[in-house]
Amino acid sequence: MAAQLELKKQQEKIAEQRAEQLKRKKEEEQRRNIISRYGEYYGALIIKKKLVPGMSQAMVNEVWSKDFFDCSISTSSGRRIEVWTLNNDKMQIKIASEANKADKSGETAVAAMLLMNFLGSTSLSSVPNMLVFMNDKLTDIYK
């Protein structure tokens with residue numbers, strides 16, 4: 001009986017190690033993919049979840065989903081200006097939807113929504129309130 005218990009523990013440990021290796025491999029693959037698409041400079045910033053002026057909308061979307069924002073577009077002096085304004089409701093719905101895809105029971109989605117509401121604005125302080133793009137390039141970041 002004790003031998004079976006020990007064997008089961010070893011099998012669980014091996015399974016955990018494999019899962020961790022798979023996770024690291026996937027993260028490294030994503031890192032290489034980001035850097036190959038956006039270059040070393042912007043790729044490193046995207047991986048760190050940092051925004052800087054000069055990034056394209058596609059780069060920003062890698063850090064913060066455009067689905068979290070209300071977007072408006074205008075043209076002034078031949079320049080296309082797009083403003084993304086954070087919409088907390090959209091963000092919560094998108095995060096809950098993604099959590100629900102991972103866990104069909106819906107428990108993870110409910111937990112994510114409750115956690116976001118509990119933590120409030122303090123945990124979301126890194127999410128920009130507004131992003132301004134001119135001709136597809138990020139020009140201003142408002143927190």
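Predicted model, so just to flag it, every value in this text is computed and none were measured.

*Asks:* Any chance you could explain the overall build of the protein here in plain terms?
*Replies:* Within the protein, the regular secondary structure consists of four helices and four strands. Taken from N to C terminus, the helices and strands of the protein fall in the order α-α-β-β-α-α-β-β. In the protein, which comprises 143 residues, the share counted as buried stands at 26%. For the protein, restricting intrachain contacts to residue pairs at least 6 apart in sequence, the fraction spanning at least 24 positions comes to 44%. As displayed, the protein has an accessible area near 10,100 Å², and 54% of this comes from carbon and sulfur atoms.

*Asks:* Sorry, what's going on with the side chain of serine 56 here?
*Replies:* If you trace the backbone, serine 56 turns up in the loop between helix 1 (2-47) and helix 2 (57-63). Residues in contact with serine 56, not counting those within four places in the same chain, are Phe133, Asp136 and Lys137.

*Asks:* Is there a simple way to think about the sheet that holds strand 2 (residues 79-86) in this case?
*Replies:* Read across the open sheet, the four strands follow the order 1-2-3-4; overall the sheet is antiparallel. The two strands at the open ends of the sheet, each matched to only one other strand, are strand 1 (69-76) and strand 4 (137-142). Direction aside, the axes of adjacent strands within the sheet are offset by 20° on average. The sheet contact formed by strand 3 (residues 130-134) and strand 4 spans five bridges and is antiparallel. Paired with valine 132 across the bridge in strand 4 is aspartate 140.

*Asks:* What's the story with the pairing of strand 2 in this structure? I'm lost.
*Replies:* Across a regular strand the side chains alternate sides, sitting on one face of the sheet and then on the other. Relative to strand 2, strand 1 is paired through eight bridges, and the arrangement is antiparallel. Residue pairing in the sheet places cysteine 71 in a bridge with tryptophan 84 of strand 2. The loop that links strand 1 with its antiparallel partner strand 2 comprises two residues; one of these, serine 77, has a positive phi angle of about 50°. Where strand 2 lies against strand 3, five bridges are found, and the strand directions are antiparallel. Within the sheet, the bridge partner assigned to valine 83 lies in strand 3 and is valine 132.

*Asks:* Explanation requested: the packing of aromatic side chains in the structure shown.
*Replies:* We describe a pair of aromatic rings using the distance from one ring centre to the other and the angle between the two ring planes. The final tally for this structure, using the stated rule, is three aromatic pairs. Residues tryptophan 84 and phenylalanine 133 carry aromatic rings whose centres are separated by 4.7 Å and whose planes lie at 50° to one another, so their mutual orientation is tilted. Here the residue tryptophan 84 occupies a position in strand 2, and phenylalanine 133 occupies one in strand 3, the gap between them amounting to 49 residues. Across the pair, exposure class does not vary: tryptophan 84 and phenylalanine 133 are buried alike. An aromatic cluster is present here, built from Phe69, Trp84 and Phe133 joined pairwise through their rings.

Calculation notes
Residues numbered from 1 in each chain as written. Predicted model: local features only at pLDDT ≥ 70, side-chain atom pairs only at ≥ 80, totals over all residues. Heavy atoms only, no water. Helix = DSSP H or I, 4+ residues; strand = E, 2+ residues; numbered from the N terminus. Buried < 20%, exposed > 50% of the residue type's maximum accessible area, 1.4 Å probe, protein only. Contact = heavy atoms within 4.5 Å. Areas by Shrake-Rupley, 256 points an atom, 1.4 Å probe, with all protein chains shown as cover. Pairing = 2+ DSSP bridges. Axes fitted to C-alpha atoms, helices over the stretch in contact; angles between N-to-C directions. Phe/Tyr/Trp six-rings, centres within 6.5 Å; stacked < 30°, edge-to-face > 60°.

Purely geometric numbers; function is a separate question.
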